[in-house]
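Descriptive analysis of the structure
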Amino acid sequence: KRVMLNPTSLQLFPFPTFTCVITFMHLEYTNELDKIHHIIKQTFPPDERHQSSGKLMPHMSLVYAPEATETLLYDETKRLSNDDNTPTLLAPMRAKYLSVWNTQGRISDWKRIAQIELP
């Protein structure tokens, strides 16, 4: 069964652990995403960056930017949220891959360590 992603909104999130701000799309919570999340939790234990509740918050990160750009990124995220093209940006899409990343160090140091194609 194909994994569909249904974006619902755009949001900005300051992320001090990575010394950055992130613009991301919230995704609708689905049974398929919950099943994938459950499998991943069994394989990769939570760390200090993840909610202690382990509750899934489906999202797709769009931008990781330096903290100093928070105001600029907030304004751009707000503009995109109200733009005439937002329905296109928030259109449902099929997830094609699931990837695992090593996120130690600076963002420029991050490395994809595995990727699998989803049916």
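An account of the accompanying structure is given in this report. Because the structure is a prediction, the values reported are computed rather than measured.

1. Thoughts on the sheet that holds strand β2 (residues 7-15)
With respect to topology, 3 strands assemble into an open sheet ordered β2-β3-β4, the strand pairing being antiparallel. Here the strands that pair on one side only, and so sit at the sheet edges, are β2 and β4 (59-66). Neighbour to neighbour, the strand axes of the sheet diverge by 20 degrees on average, direction disregarded. With 8 bridges connecting them, β2 and strand β3 (residues 20-27) associate as antiparallel partners. Paired with P7 across the strands is L27, a residue of β3. Strands in contact with helix α2 (residues 70-82) are β2, β3 and β4; relative to β2, the strand with the most contacts, it is inclined by about 175 degrees.

2. Points about the environment of K55
One can find K55 in the loop between α1 (31-43) and β4. For K55, a relative accessible area of 58% gives the class exposed. Spatially, the C-alpha atoms of K55 and D34 are 9.3 Å apart, while their sequence positions differ by 21 residues.

Procedures and definitions
- Residues numbered from 1 in each chain as written.
- Predicted model: local features only at pLDDT ≥ 70, side-chain atom pairs only at ≥ 80, totals over all residues.
- Heavy atoms only, no water.
- Pairing = 2+ DSSP bridges.
- Helix = DSSP H or I, 4+ residues; strand = E, 2+ residues; numbered from the N terminus.
- Axes fitted to C-alpha atoms, helices over the stretch in contact; angles between N-to-C directions.
- Contact = heavy atoms within 4.5 Å.
- Buried < 20%, exposed > 50% of the residue type's maximum accessible area, 1.4 Å probe, protein only.

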